[in-house]
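Fold and geometry: a report
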Amino acid sequence: PMTVGSARYSHYQIDGIVDTGSNLTLMLYEPYVRSLQLQNSLLHAQPAQGYGLNGYYPVARGSIDSLQIGNAETRNLVVDYLQKDEELVRNIPGAIGNGILQSFQVVIFDVPHRRIIFEVKPPPWQPGVQRTETVEP
């Protein structure tokens, strides 16, 4: 689960997947744009390319107000809109890629317990302090 902020006071909790083969930060499928109130972001998005295990693919690059995973939140985040019509789109609004994963100090996939553990990097003014977030579906 993650929370997408389309505007300062509009937040939506969605389920997403983790795509370790993608270089993108946050990917959202276009069929979910209206329900997440991101039409304005998509309207102003610029054509770009993403890269995954299957090669390059077209995306529309926009931005969202915020993304929260557990207690870790980032603001003014780049989002890439995908126009896929696969079965996955019917169930999952989007995915986080390596652009998000590399912002954490450690990411542990605890498959037997169906959870991901994110270790947040300490702020530069607090060396040696570590916080760990566990996200469970």
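Structural data are supplied above this passage.
Residues numbered from 1 in each chain as written. Predicted model: local features only at pLDDT ≥ 70, side-chain atom pairs only at ≥ 80, totals over all residues. Heavy atoms only, no water.

1. Some thoughts on the overall build of the chain
Helices and strands together make up the secondary structure of the chain, namely three helices and 11 strands. When the helices and strands of the chain are listed from N to C terminus, the series reads β-β-β-β-α-β-β-β-α-β-α-β-β-β. When each of the 137 residues of the chain is scored for burial, the buried share is 42%. Restricting the contact set of the chain to residue pairs at least 6 apart, pairs at least 24 apart contribute 53%. (Helix = DSSP H or I, 4+ residues; strand = E, 2+ residues; numbered from the N terminus. Buried < 20%, exposed > 50% of the residue type's maximum accessible area, 1.4 Å probe, protein only. Contact = heavy atoms within 4.5 Å.)

2. Topic: unusual backbone geometry
A positive phi angle, near 55 degrees, is found at Q37, a position not held by glycine. Relative to the helices and strands, Q37 is located in the loop between β4 (26-29) and α1 (39-43). Owing to a relative accessible area of 45%, Q37 belongs among the partly exposed residues under this scheme.

3. Examining the nonpolar core
Among the nonpolar cores identified, the biggest contains 33 residues, and L26, L28, L38, I64, L67, Y81 and I96 are the most heavily contacted of them. When contributions to this core are tallied by element, the ones reaching two or more residues are β1 (2-7), β4, β6 (55-69), β7 (72-82), β8 (94-96), α3 (98-101) and β10 (115-120). Residue contributions to this core peak at six residues, all from β6. Look past the residues within four positions of I64 in its chain and what remains in contact with it is V4, G5, L26, L38, N76, L77, V79 and Y81. (Core = buried A, V, L, I, M, F, W, Y, C linked by side-chain atoms within 4.5 Å.)

4. Section: the pattern of salt bridges
Side chains that differ in charge, positive against negative, can pair when their charged atoms come close. Counted according to the given criterion, the structure contains four salt bridges. As a salt-bridge pair, D80 and R61 come within 2.6 Å of each other at their nearest N and O atoms. Of this pair, D80 sits in strand β7 while R61 sits in strand β6; the two residues are 19 residues apart in sequence, bridging distant segments of the chain. Residue class for R61 comes out partly exposed when judged on its relative accessible area of 31%. With a shortest N-O distance of 3.8 Å, E73 and R75 are connected by a salt bridge. Three or more residues joined by partner-sharing salt bridges are found here, namely D65, E73 and R75. (Salt bridge = Lys/Arg side-chain N within 4 Å of Asp/Glu carboxyl O.)

5. Some details on the side chain of D110
Within the secondary structure, D110 sits in strand β9 (residues 104-110). Within the structure, the side chain of D110 is placed 3.0 Å from the side chain of H113, a separation counted as a polar contact. (Polar contact = N/O pair within 3.5 Å; in protein donor to acceptor, adjacent residues only side chain to side chain.)

6. Examining the pairing of β6
Where β1 meets β6, three bridges bridge the pair, whose relative direction is antiparallel. Among the inter-strand pairings, V4 is bridged to a residue of β6, identified as L67. Where strand β5 (residues 46-52) lies against β6, seven bridges are found, and the strand directions are antiparallel. Pairing of Y51 across the sheet is with Y56, part of β6. Between β5 and β6, which pair antiparallel in sequence order, lie two residues. (Pairing = 2+ DSSP bridges.)

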